[in-house]
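# Observations on the three-dimensional arrangement
The primary structure of each chain is shown beneath.
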Amino acid sequence: MTFAITQTCCSDATCVAVCPVNCIHPTPQERAFGSTEMLYIDPKSCIDCGACADACPVDAIFPVDSLSTAQKEYARINAEYFEGQEPQPADDGPNFHSWGEPAFDRSLPSDFAPIRVAVVGTGPAGMYAAEDLLLHTNAEVTLVDRLPVAGGLVRYGVAPDHPATKKVGDTFGRFHSHPRVRMHLGLEVGRDITAEELAAHHDAVVYAVGASTDRRLGIPGEELPGCISATAFVAWYNAHPEVAPDAIDLSAERVVVVGNGNVALDVARILVADPDMLAGTDIADHALTALRAASVREVVLLGRRGPQDAAYTRSELLALRHLDGVELVVDDHDPRTGASIDAAAPRDKAAVLQGVTRDRVDFSLPPAPGRRIVFRFHSAAAEVLGEERVRAVRVTTDSGDQEVVAGMLLRAVGYRGVPVAGLPFDEVTGTVPHEAGRVTGRPGTYVVGWIKRGPSGGIGANRTCAAETIGTLLADAVAGSLPTPTAPPKAFHRLARRRNRQVVDARGLAAIERAELTRGRRTGRPRVKLATVPELLAAAKGGRWALSR
């Protein structure tokens, strides 16, 4: 029996580090790492020890003979990755794969003095950076987040029907109460404190603020009601406190989603999924209520290029094929689409659409009965039509324009970073200029995650990204080039409390966790999220009403 990695792989390579026979690839030392959709286990080399499954932070690794029906194809996917890549035998020892030479990228002196580091942002990038510091140095870490609850993208970006992916939050959560961590949630740099004040109280500051807005389509009619960003929609169904419960109108029968990435698949799947299935997740209460009453029956995914060039991963597309009660349809308006699917090799993502119904859909008519997702490739949104709200979308193709009658348009064409108060900013890339994580012209200031590299890579990609940034920070510390804090260690806590009396600490965060889990147990759900800032603050203070609602 061997193990296989499945859909929820986060690619943070924790499994690689514990594998005793080097059977998981690509490793962080290999060129393909970061460019493959997931990691893979070589069935010829796996010795069935289970170390990788124990270490996996997102429960993505299972014995092949225990895979569910929807997961069985991952045994084949793992094996296919190694076809034609026969390993070279090791010169000595029992391993099937040769090991590389040991590398020691960091070397800290034995008398390395404790440093104070602030990490702004408690999403995956920030927490991987904090984890690196806490596990490998004696640094004291201050966690700062503008929201009164930790989690970032894990809490507010992962789809509720992907609970295994959210489990990486448990890994991060163990550092929230670390003895060398001080937590200040609900404290915003640029509003409550300045970047200069934060720097004055720490040896170094690491900004992990992500990419909090979306890219625009730049087409006429984009400002019409009913045309919204996938970013806002994802935040809405994940109970983000900055998106109102009544912000989304689901009265349309047909929704157009512009984009072919994983976020586009997420929003399409949530729109047509069975609400009873979603009722067993941590989806926002208001979103579940709205989806139960929704009129949406058809979601049209618009892709400018063909199925072979779609940005979504094969694993996310495979998941759609197992969505109960939802039909997948490929719009056959362009002959290139079917030709690409038919010609796709087994490992190509376009091959997943082989066997999917093809039809020339008449989008001037109401959606067909039932619930379905329609893939329309080689099509670009050119204009949003309507007067008081979205009525249709004009789509441009090689054969001419066509109107797709729809009452809602979701743009899912990528995230974008926003300027960070007190830091330089590149408007073209939506990132902070840096050198290996060191902010240009700002000694002691660093970036990690999407604000550093742009909105690319999943959760696990932030681990490698954080390792580079923290490596740069520590090299600067050893070289003596970090600015010396001008304030004593405990002064920042007093400053934060003076500026914002509602700051949540680790104890308050634990109270929020208890409140949400208690509400969940009462309704048979993993948790029921508190969806507003007042609710979160009341729970942090132990407010009984937060537990009783």
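Source: prediction; values computed, not measured. (Residues numbered from 1 in each chain as written. Predicted model: local features only at pLDDT ≥ 70, side-chain atom pairs only at ≥ 80, totals over all residues. Heavy atoms only, no water.)

## Thoughts on the overall build of the protein chain
Along the backbone of the protein chain there are 20 helices and 23 strands. Against the globule reference of 24 Å for 549 residues, the protein chain gives a C-alpha radius of gyration of 24 Å, in line with a compact fold. By principal-axis analysis of the C-alpha atoms, the protein chain measures approximately 70 × 65 × 50 Å. Of all 549 residues assigned to the protein chain, the portion counted as buried reaches 55%. Of all intrachain contacts in the protein chain linking residues separated by at least 6 positions in sequence, the fraction that spans at least 24 positions is 74%. Carbon and sulfur atoms provide 52% of the accessible area of the protein chain, an area that totals close to 23,700 Å². Distance from the positive charge centre (59 side chains) to the negative charge centre (67 side chains) of the protein chain: 7 Å. (Helix = DSSP H or I, 4+ residues; strand = E, 2+ residues; numbered from the N terminus. Rg over C-alpha atoms; globule rule 2.2 N^0.38 Å. Buried < 20%, exposed > 50% of the residue type's maximum accessible area, 1.4 Å probe, protein only. Contact = heavy atoms within 4.5 Å. Areas by Shrake-Rupley, 256 points an atom, 1.4 Å probe, with all protein chains shown as cover. Lys, Arg positive; Asp, Glu negative; His and termini not counted. Charge placed at Lys NZ, Arg CZ, Asp CG, Glu CD.)

## Considerations on the pattern of salt bridges
Tallying each qualifying case throughout the model produces 40 salt bridges. Between Asp-249 and Arg-389 there is a salt bridge, and its shortest N-O distance comes to 3.8 Å. In this pair, Asp-249 is assigned in the loop between α9 (230-237) and β11 (254-258) and Arg-389 in the loop between β16 (380-385) and β17 (392-397), connecting sequence segments 140 residues apart. Judged by relative accessible area, which is 37%, Asp-249 ranks as partly exposed. Close ionic contact of Asp-476 with Arg-438 constitutes a salt bridge, the shortest N to O distance being 2.9 Å. Taken together, the residues Asp-476 in helix α16 (residues 461-479) and Arg-438 in strand β22 (residues 438-439) connect sequence positions 38 residues apart. Salt bridges sharing partners connect three or more residues here, namely Asp-214, Arg-216, Glu-222, Glu-223 and Arg-411. (Salt bridge = Lys/Arg side-chain N within 4 Å of Asp/Glu carboxyl O.)

## Section: the environment of Tyr-40
Inspection of the secondary structure assignment puts Tyr-40 in strand β3 (residues 40-41). According to the relative accessible area criterion, Tyr-40 is buried, its value standing at 7%. Excluding residues within four positions of it along the chain, Tyr-40 makes contact with Ile-5, Cys-23, Ile-24, His-25, Pro-26, Ile-77, Asn-78, Tyr-81 and Phe-82.

## Some points on the sheet that holds strand β13 (residues 326-331)
Strand order in the open sheet formed by seven strands is β10-β19-β11-β12-β15-β13-β14, with parallel pairing between adjacent strands. The sheet terminates laterally at β10 (227-229) and β14 (357-359), the two strands that pair on one side only. On average, adjacent strands in this sheet sit at an angle of 25° to one another, irrespective of strand direction. Summarising the sheet, β10 and strand β19 (residues 408-411) pair through three bridges and their orientation is parallel. (Pairing = 2+ DSSP bridges. Axes fitted to C-alpha atoms, helices over the stretch in contact; angles between N-to-C directions.)

## Quick notes on helix α12 (residues 285-292)
Every buried residue belonging to α12 is among His-286, Ala-287, Leu-288 and Leu-291, and all of these are buried. Where the residues of α12 are buried, they touch α9, α10 (262-272) and α11 (275-278).

## Topic: the confidence of the model for the protein chain
Of all residues in the protein chain, 95% attain a pLDDT of 70 or more, and the chain-wide mean is 92. Every residue in residues 544-549 is under pLDDT 50, and counting partners more than four places away or in other chains gives 15 contacts. (pLDDT = per-residue confidence, 0-100.)

## Focus on the pairing of β16
The sheet contact formed by β16 and β17 spans five bridges and is antiparallel. The residue of β17 that forms the bridge with Val-384 is Val-393. Two successive antiparallel strands, β16 and β17, enclose a turn made up of six residues, where Gly-386 displays a positive phi of approximately 150°.

## Focus on the pairing of β11
Burial of β11 is extensive: five of the five residues sit out of reach of the surface. By the alternation rule, side chains of β11 split into Arg-254, Val-256 and Val-258 and Val-255 and Val-257, which are all buried. Relative to strand β12 (residues 298-302), β11 runs parallel, the two being bridged by five bridges. Among the inter-strand pairings, Val-256 is bridged to a residue of β12, identified as Val-300. With four bridges connecting them, β11 and β19 associate as parallel partners. Across the sheet, Val-256 pairs through a bridge with Leu-409, a residue of β19.

## Here we look at unusual backbone geometry
Of all residues except glycine, most have a negative phi; of all peptide bonds, most are trans. With an omega of -5°, the peptide bond running from His-25 to Pro-26 counts as cis. Within the element layout of this structure, Pro-26 appears in the loop between β2 (24-25) and β3. A positive phi angle, near 50°, is found at Asp-59, a position not held by glycine. Tracing the chain through its elements places Asp-59 in the loop between α2 (51-55) and β4 (61-63).

## Structural notes on the nonpolar core
One finds Ile-24, Phe-233, Tyr-237 and Phe-375 to be the most contacted residues of the largest nonpolar core, which totals 126 residues. Not counting residues within four places of it along the chain, the set of residues in contact with Ile-24 comprises Ile-5, Cys-15, Val-16, Cys-19, Leu-39, Tyr-40, Ile-41 and Cys-52. Of all hydrophobic cores here, the second largest spans 21 residues; its members include Val-432, Ile-451, Ala-496 and Val-503. (Core = buried A, V, L, I, M, F, W, Y, C linked by side-chain atoms within 4.5 Å.)

## Some points on the packing of aromatic side chains
The description of an aromatic ring pair rests on the distance of the ring centres and on the angle between the ring planes. Summed over the entire model, instances satisfying the criterion amount to eight aromatic pairs. Geometrically, the ring pair formed by Tyr-81 and Phe-82 is edge-to-face, given 5.2 Å between the ring centres and 85° between the ring planes. Considered together, Tyr-81 and Phe-82 belong to a single accessibility category, that of buried residues. On the numbers, 5.0 Å between centres and 85° between planes, the contact of Tyr-128 with Phe-172 is edge-to-face. With Tyr-128 in helix α4 (residues 124-136) and Phe-172 in helix α7 (residues 168-173), the pair connects residues that are 44 residues apart, well separated along the chain. For the pair shown, Tyr-128 and Phe-172 are each scored as buried. Three or more aromatic residues joined by ring pairs form one cluster here, namely Tyr-40, Tyr-81 and Phe-82. (Phe/Tyr/Trp six-rings, centres within 6.5 Å; stacked < 30°, edge-to-face > 60°.)

## As for the state of the cysteines
With the rule as written, the count across this model stands at zero disulfides. The thiol of Cys-46 is unpaired, and the distance to the nearest cysteine sulfur, on Cys-23, comes to 4.8 Å. For Cys-46, a relative accessible area of 14% translates into the label buried. Cysteine Cys-52 is unpaired, with the sulfur of Cys-49 as its nearest cysteine sulfur at 6.1 Å. Overall, Cys-52 belongs to the buried group, its relative accessible area being 8%. (Disulfide = S-S within 2.5 Å.)

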